[in-house]
Amino acid sequence: MFTPGQLYERAAIHERLGGQQRGGISTPRGAPVALLFTSKTGAAYGYHDRWIDDQVFLFTGAGQVGDMRFVRGNAAIRDHARDGKDLLLFEQMDGGVCRFVGQMVSIGHRFERLPDRDGNVRRAILFELARLESLGSDRPGHRASADLAELRRRALAAPDGEDLTARLQTVRERSRDVRRYVLARAGGVCEACDKPAPFETAEGEPFLEAHHIRRLSDGGPDNPRWVAAVCPNCHRRAHYGVDAVEVNGKLSKVVRAKEAGFEA
Ligand SMILES: [Zn+2]
Ligand SMILES: [Zn+2]
């Protein structure tokens, strides 16, 4: 949908996805995304966005006056994996143009004392956003050693850890847990076409792939109710088929029904 490094008119982004046309965090009602806009002029409003290494970007939450709280856009960032939403980071340039930085995953947050728009020092939330591709791919191959309930509990647990490295590690594990859980949930049968996996891996596991039903791309942590285990054919179809919308619609029904059984 967006290519990292490419320029887009901000107005055109909202035409496509909806959402508030102004501000640093835009949460379209009709699309499972939160759009984040970082800009150099934000410093004038007490924002202090910056990369802390190649992979992790600190993004100041919303709120120009007073302590920042976990409401609206800030809550959307914190809860995006649970809510099955993509975080898309753009860098705002001059003249209403934005450069797409990439798809991000929130791995935690920290607080900093920063001046607000009126110059009063307040508590600002800085989200730690990691590049999705830094979290590893959805490769199959690991045999799940725990039972389904345990895998599900792990897949749903929030990332934690003392420091950034530890949090990155738990988010990586969480991505893996989600994949293992949905593969175990499928029990070797594609959740789209109901046929057995087409072959076994060298480890003797039925080959299915984890597909993120609502996301723009696969990978990263996600709520298991938005992830399906599918055969390679159905997977390509869910991304590129003329009937991709229907395939994903059916998948989301199937998965929701299965998950409702676990939640009950
Ligand atoms: Zn299939
Ligand atoms: Zn997919």
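See the structure above.
Report on the accompanying structure. These numbers come from a predicted model, not from an experiment.

Rules behind the numbers
Residue indices follow the written sequence of each chain, beginning from 1 at its first position. All chains are assigned letters beginning at A, and all ligands numbers beginning at 1, according to the order in which they are written. For this predicted model, a pLDDT threshold of at least 70 governs which residues receive local features, and a threshold of 80 or more governs which side-chain atom pairs are given and counted, while totals over whole chains, interfaces and linings are taken from all residues. Hydrogens and water are ignored here; the side-chain numbers use all heavy atoms of the structure. The helix and strand labels rest on DSSP assignments: H or I over at least four residues marks a helix, E over at least two residues marks a strand, and numbering proceeds from the N terminus. For the radius of gyration, the atom set is restricted to C-alpha positions; the globular benchmark scales as 2.2 Å times the number of residues to the power 0.38. For the exposure calls, accessible area comes from a 1.4 Å probe over protein chains only, and a residue counts as buried if that area is under 20% of its type's maximum, exposed if over 50%, partly exposed in between. In this description, contact between two residues means that some pair of their heavy atoms is separated by no more than 4.5 Å. Only the protein chains shown count as cover for residues, and all accessible areas are computed by the Shrake-Rupley method using a 1.4 Å probe. The convention is simple: Lys and Arg are positive, Asp and Glu are negative, and His and the chain ends are not counted. To locate a charge, take atom NZ for lysine, CZ for arginine, CG for aspartate or CD for glutamate. Just to be clear on terms, a salt bridge is a Lys or Arg side-chain nitrogen sitting within 4 Å of an Asp or Glu carboxyl oxygen. Working definition of a nonpolar core: buried Ala, Val, Leu, Ile, Met, Phe, Trp, Tyr and Cys residues. They are joined through side-chain atoms within 4.5 Å. Here a donor is an N, O or S atom found within 2.8 Å of the metal, or within 3.2 Å if the metal is Na, K or Ca; sites may look incomplete because water is not among the atoms. Sites are called tetrahedral only when four donors show all angles between 85 and 135 degrees, square planar or octahedral only when four or six donors show opposite pairs over 155 degrees and all other angles between 65 and 115, and irregular in any remaining case.

1. Quick look at the overall build of the protein chain
Along the backbone of the protein chain there are 6 helices and 10 strands. Here the protein chain has a C-alpha radius of gyration of 19 Å; the compact-globule value for 264 residues is 18 Å, and the two agree. The C-alpha extent of the protein chain, read off along each of the three principal axes, is 60 × 40 × 35 Å. By residue count, 46% of the 264 residues in the protein chain fall in the buried class. Excluding contacts between residues fewer than 6 apart, the proportion of contacts in the protein chain whose partners are at least 24 apart in sequence is 59%. Surface summary for the protein chain: the accessible area is close to 13,300 Å², and the carbon and sulfur share equals 50%. Positive and negative side-chain charges of the protein chain, numbering 40 and 36 respectively, have mean locations separated by a distance of 3 Å.

2. Considering the pattern of salt bridges
Taken as a whole, this structure holds 18 salt bridges when the rule is applied. Salt-bridge contacts for Glu-128 lead to Arg-167; the nearest nitrogen and oxygen are separated by 2.8 Å. Note that Glu-128 is positioned in strand E8 (residues 121-131) and Arg-167 in helix H4 (residues 164-186), a separation of 39 residues in sequence. Summarising the burial analysis for this pair, Glu-128 and Arg-167 share the class buried. For Lys-258, the salt bridge goes to Glu-191, with nearest N and O atoms at 2.7 Å. Here Lys-258, found in helix H6 (residues 244-263), pairs with Glu-191, found in the loop between H4 and strand E9 (209-212); they are 67 residues apart in sequence, far enough to count as distant.

3. Side note on the nonpolar core
A general tendency of soluble globular proteins is for nonpolar side chains to be buried together. Formed by 22 residues in total, the largest nonpolar core has its most connected members in Cys-190, Leu-208, Val-230 and Leu-251. Secondary-structure elements contributing two or more residues to this core are helix H3 (148-156), H4, strand E10 (227-230), helix H5 (232-240) and H6.

4. Some points on the coordination of the zinc ion (ligand 1)
The protein atoms donating to the zinc ion (ligand 1) are Cys-190 (SG), Cys-193 (SG), Cys-231 (SG) and Cys-234 (SG), with metal-donor distances spanning 2.2 to 2.3 Å. One can describe the site at the zinc ion (ligand 1) as tetrahedral: its 4 donor atoms subtend angles covering 102 to 118 degrees at the metal. The sequence pattern formed by the donor residues of the zinc ion (ligand 1) is C-x2-C-x37-C-x2-C. Accessibility assignment for this pair places Cys-231 and Cys-234 in one class, buried.

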